[in-house]
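# Structural features, examined
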Amino acid sequence: MPAVTTSVPPTRPIPGSYGFPVLGPLKDRLDYFWFQGPEKFFRNRMSTYKSTVFRVNMPPTFPFFTGVDPHVVAVLDCTSFATLFDSAIVDKRDVLVGDYMPSLSFTGGTRVVVYQDTSEEAHGRIKSFCLDLLRRSARVWVDEFLGSLGIMLSTIEGDLSKGATSSNFLVPLQKCVFTFLTKSIVGADPSTDEAIKETGFALLDSWLALQLLPVTNIGFLQPLEEIFLHSFPYPFLLVSGPYKKLYNFVEKQGKEVLERATSEYGMTKDEAINNILFVLGFNAFGGFSLFFPSLITTIGRENNGLRENIRDEVRRVLKGTNGELGFEAVKQMELVKSTVYEILRLHPPVPLQYGRARNDFVLTSHDATFQVSKGELLCGYQPLAMRDPTVFKDPESFVPTRFMGDQGREQLNYVYWSNGPQTSSPSPENKQCAAKDYVVWTACLFLAELFRKYDDFECDESSTAITKLEKATS
Ligand code: HEM
């Protein structure tokens, strides 16, 4: 998938404009958060400029984000988006959420791995540590996940059996995700720490929210959202207490993991705890908290027989494994895997990715080429790139079987939710999500366990609530 060429076809100027200083960025910010919303914001401009590559401003901006440059080059088709995965072309230093970077206080003064570029020595070392964490946690990952999921499902079942018409799954889900991740990644059991046991997940939520509010669209009561949530960065002080509790928890309970970080990966104890907390809280907990609700509601609202087909496949495969459920079993579930990929395509949990041009280069889109200058910031919006009609047939529709069969699997080259193609592997040399495969397998485990225990479930049309959970009869 070459994203760059230095020869034909001839390049054309990048369409779009940044407008007048202050006014241009402010107008784009209001469009993005208020008048249009992110998807329409990109779609309208793509249609106006008749191009999937154009110049635009991205929030945060005016009045209290001084020193943040809102100018970006949007890349919205699969070809131009793939440029963001090429470490030779883009620098990923400090651009996780754009030119804006939350204060380092949020990560205890450490520039954690996700903000580091592949050219920095520490990136490769700490990414190797993350990959090692995952490899070692694989032994307990499945059991811990199924155990925590069991508690979540019993809570929902309990609500519904008491006569409630629906049971909101968000809090039980976040508790499940928090518990299984801390046990498998950090080797620490939240139930043994009074400060963490009941509220650990909420401490992470508040820490995440303060970092991300300036760049997150809530769809709240405007103009209050613009005035109070998108106009200034929130100070770390507001969550320093929660961060300290989480820090102490990892320091006390994650001794084995910390020992490895310091002795084998050359990190100081403080650097290790801050990195572990970021990967645990921001990447893993944050990622699953966004992804699982889409997974559950998309399938729970479907009414074309998908749940029945998934249930049949799950039970057929589990018969062959004598009921044993794990990564090896779910790898045999073709429809389950394809459904998970399709939901990641339609609802990529991390919608925006950024990268800065290391040098002048020629950017290739699906139908044109453009000259980009050194230092310009590329901004990829996944929800549109993942609906590129030149790659995906009927791109706006939910097609659970899309990735089945040889031709279907071929399309996985263009599934980018992990900041890289689904067919590539994360490594110390690239910026792809360390848990690319774990995320997919865990989602498959979720569906397999759900349909092992229950014949069917349904979700509310407009909220994160389960309205029906029918116990398995066979
Ligand atoms: C549904 C869950 C998850 C989603 C949606 C997700 C998504 C992503 C994305 C989009 C990136 C690239 C960010 C960027 O540079 O623009 C990333 C990076 C990363 N993710 Fe994940 N992630 C998830 C779960 C996890 C888990 C469970 C772990 C580890 C335990 C993890 C570890 C990492 C690490 C270490 C990086 C940084 C890679 C690097 O700097 O080279 N992620 N993730």
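All values derive from a computational prediction rather than experimental measurement.

## Overview of the overall build of the chain
Scanning the chain from terminus to terminus reveals 16 helices and 11 strands. Here the chain has a C-alpha radius of gyration of 22 Å; the compact-globule value for 474 residues is 23 Å, and the two agree. Reported as C-alpha extents along the three principal axes, the dimensions of the chain are approximately 65 × 50 × 45 Å. The burial tally for the chain puts 57% of its 474 residues in the buried class. The long-range share in the chain, meaning contacts at least 24 apart out of those at least 6 apart in sequence, stands at 70%. About 19,800 Å² of surface is accessible on the chain, with carbon and sulfur atoms providing 56% of the total.

## Observations concerning the site of the ligand
Taken together, the neighbourhood of the ligand is formed by 27 residues, with H123, K127, N430, K431 and C433 sitting nearest. A distance of 2.9 Å is found between an oxygen atom of the ligand and a side-chain nitrogen or oxygen belonging to K127. Here an oxygen atom of the ligand and a backbone polar atom of N430 are 3.2 Å apart. Every element with two or more residues in the shell around the ligand is listed here: helix 4 (121-161) and helix 10 (269-300). For the shell around the ligand, the leading source of residues is helix 10, giving 6 residues. Among the residues forming the shell around the ligand, the class breakdown is 17 nonpolar, 7 polar and 3 charged.

## Digging into the sheet that holds strand 11 (residues 465-471)
If you trace the 3 strands from one edge of the open sheet to the other, you get 5-11-10, paired in antiparallel fashion. The sheet is open, and its two borders are formed by strand 5 (167-168) and strand 10 (454-459), each paired with just one other strand. Bridge count for strand 10 against strand 11 is 5 bridges, and the pairing is antiparallel. The residue bridging Y454 from the neighbouring strand is K471, located in strand 11.

## Here we look at the coordination of the iron atom of the ligand
Donation to the iron atom of the ligand from the protein comes from one atom only, C433 (SG), at 2.3 Å. In this fold, C433 is placed in the loop between helix 15 (405-410) and helix 16 (436-453).

## Some points on the state of the cysteines
A disulfide bridge is the covalent bond that connects two cysteines by way of their sulfur atoms. The tally for this structure, following the rule as stated, stands at 0 disulfides. With no disulfide of its own, C78 lies closest to C379 among cysteine sulfurs, the gap being 15 Å. With a relative accessible area of 1%, C78 lands in the buried category. Relative accessible area serves as the criterion here: at 0%, C379 is assigned to the buried category.

## Examining a nonpolar patch on the surface
On the surface, I218, F220, L221, L224, I227 and F228 cluster together into a nonpolar patch covering about 590 Å² of accessible area. With respect to the helices, strands and loops of the structure, I218 is situated in the loop between helix 6 (200-212) and helix 7 (224-229). Note on I218: relative accessible area 44%, which makes it partly exposed.

## Describing the pattern of salt bridges
Inspection of every chain in the model, using the stated rule, returns 40 salt bridges. Between K468 and E470 there is a salt bridge, and its shortest N-O distance comes to 3.4 Å. Relative accessible area serves as the criterion here: at 37%, E470 is assigned to the partly exposed category.

## With respect to helix 8 (residues 240-253)
With 14 residues, helix 8 extends 20 Å from end C-alpha to end C-alpha; this agrees with the ideal 20 Å at 1.5 Å per step. Against helix 5 (170-186), helix 6, helix 9 (255-264) and helix 10 lie the buried residues of helix 8.

## Let's talk about the nonpolar core
Across soluble globular proteins, nonpolar side chains show a tendency to be buried alongside one another. Among the nonpolar cores identified, the biggest contains 130 residues, and L181, L295 and F446 are the most heavily contacted of them. Non-local contacts of F446, meaning those with residues more than four positions away in its chain, are made with F145, L149, M152, F292, L295 and I296. Counting residues in hydrophobic clusters, the runner-up holds 17 residues, among them Y32, L352, Y381 and L384.

## Thoughts on the side chain of D77
Tracing the backbone shows D77 in the loop between strand 3 (71-75) and helix 3 (78-81). Lacking a salt bridge, the buried D77 has R12 as its closest oppositely charged neighbour, with an N-O distance of 9.4 Å. A distance of 2.6 Å separates the side chain of D77 from the side chain of T52, its partner in a polar contact. One polar contact links D77 to S80, side chain to side chain, over a distance of 2.7 Å.

## Focus: the confidence of the model for the chain
This prediction gives the chain a mean pLDDT of 95; 98% of its residues lie at or above 70. Across residues 1-6, confidence stays below pLDDT 50; counting only partners more than four residues off in sequence or on other chains, it has 20 contacts.

Reading the values: rules and limits
Residues numbered from 1 in each chain as written. Predicted model: local features only at pLDDT ≥ 70, side-chain atom pairs only at ≥ 80, totals over all residues. Heavy atoms only, no water. Helix = DSSP H or I, 4+ residues; strand = E, 2+ residues; numbered from the N terminus. Rg over C-alpha atoms; globule rule 2.2 N^0.38 Å. Buried < 20%, exposed > 50% of the residue type's maximum accessible area, 1.4 Å probe, protein only. Contact = heavy atoms within 4.5 Å. Areas by Shrake-Rupley, 256 points an atom, 1.4 Å probe, with all protein chains shown as cover. Near = heavy atom within 4 Å. Polar contact = N/O pair within 3.5 Å; in protein donor to acceptor, adjacent residues only side chain to side chain. Nonpolar A, V, L, I, M, F, W, Y, C, P; charged D, E, K, R; others polar. Pairing = 2+ DSSP bridges. Donors = N, O, S within 2.8 Å, 3.2 Å for Na, K, Ca; no water. Disulfide = S-S within 2.5 Å. Patch = residues over 30% accessible without salt bridge, like charges linked within 9 Å, V, L, I, M, F, W, Y side chains within 5 Å. Salt bridge = Lys/Arg side-chain N within 4 Å of Asp/Glu carboxyl O. Expected span 1.5 Å × (residues − 1). Core = buried A, V, L, I, M, F, W, Y, C linked by side-chain atoms within 4.5 Å. Lys, Arg positive; Asp, Glu negative; His and termini not counted. pLDDT = per-residue confidence, 0-100.

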